[in-house]
Amino acid sequence: MARLLIVAGFVLVLLGVAVWVLGRLHLPVGRLPGDIVWRGKNSTFYFPIVTSLLLSLIGSLILWLLNRR
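Residues numbered from 1 in each chain as written. Predicted model: local features only at pLDDT ≥ 70, side-chain atom pairs only at ≥ 80, totals over all residues. Heavy atoms only, no water.

Peer 1: Would you take a moment to explain the overall build of the protein for this structure?
Peer 2: When you go through the protein residue by residue, the secondary structure sums to 2 helices and 2 strands. Along its sequence from the N terminus, the protein presents helices and strands in the succession α-β-β-α. Over its C-alpha trace the protein gives a radius of gyration of 16 Å, far above what one expects of a compact globule, namely 11 Å for 69 residues. By its C-alpha atoms, the protein is 50 × 25 × 25 Å across when sized along the principal axes. Relative to its 69 residues, the protein shows a buried fraction of 4%. Counting only carbon and sulfur atoms, one obtains 73% of the accessible surface of the protein, whose full area is about 6500 Å². (Helix = DSSP H or I, 4+ residues; strand = E, 2+ residues; numbered from the N terminus. Rg over C-alpha atoms; globule rule 2.2 N^0.38 Å. Buried < 20%, exposed > 50% of the residue type's maximum accessible area, 1.4 Å probe, protein only. Areas by Shrake-Rupley, 256 points an atom, 1.4 Å probe, with all protein chains shown as cover.)

Peer 1: Just to check I follow, could you spell out the side chain of T51 for this structure?
Peer 2: Here T51 is to be found in helix α2 (residues 49-67). Once you skip the residues sitting within four places of it in the chain, T51 turns out to touch G30, R31, L32 and D35. (Contact = heavy atoms within 4.5 Å.)

Peer 1: Looking at this structure, I do not really get the environment of W38. What am I missing?
Peer 2: Along the chain, W38 turns up in strand β1 (residues 36-39). Taking the C-alpha atoms as reference points, W38 and L5, separated by 33 residues in sequence, lie 36 Å from one another. Not counting residues within four places of it along the chain, the set of residues in contact with W38 comprises S43, T44 and F45.

Peer 1: Looking at this structure, how should I read the pairing of β1?
Peer 2: Where a strand is regular, its side chains alternate between the two sheet faces. Pairing of β1 with strand β2 (residues 44-47) involves 4 bridges; the strand directions are antiparallel. If you follow V37 over to β2, its bridge partner there is Y46. Counting the residues in the hairpin turn of β1 and β2 gives 4 residues. (Pairing = 2+ DSSP bridges.)

Peer 1: I keep staring at a nonpolar patch on the surface and nothing clicks. Help me out?
Peer 2: The grouping of V13, V17, V19, W20, V21, L22, L25, L27 and V29 at the surface amounts to a nonpolar patch, some 790 Å² of accessible area in total. Along the chain, the position of V29 falls in the loop between α1 (2-24) and β1. Look at V29 and you get partly exposed, because its relative accessible area is 37%. (Patch = residues over 30% accessible without salt bridge, like charges linked within 9 Å, V, L, I, M, F, W, Y side chains within 5 Å. Salt bridge = Lys/Arg side-chain N within 4 Å of Asp/Glu carboxyl O.)

Peer 1: Would you mind showing me how to read the side chain of D35 here?
Peer 2: With respect to the element layout, D35 can be found in the loop between α1 and β1. Looking at D35, its side chain comes within polar contact range of the side chain of Y46, at 3.3 Å. Engagement of the side chain of D35 in a polar contact is seen with the side chain of T51, the distance being 2.8 Å. Beyond its immediate sequence surroundings of up to four residues, D35 is in contact with G30, Y46, F47, P48, I49, V50 and T51. (Polar contact = N/O pair within 3.5 Å; in protein donor to acceptor, adjacent residues only side chain to side chain.)

Listed below in structure tokens is the structure:
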């Protein structure tokens, strides 16, 4: 259990650094065409559907490549 938590924490740190670096490079992480944004008078609803699909595809590809061994 301890190893799993350490690995999960390491992965989250790597993802955080990746998002930070991509934001610095002005790449539209989380703001891709197809993401839903609704701005009301006093609220904003944001649903990153295309970003979620892209991250799922990348994650599935990585897991598939790791599982091939």
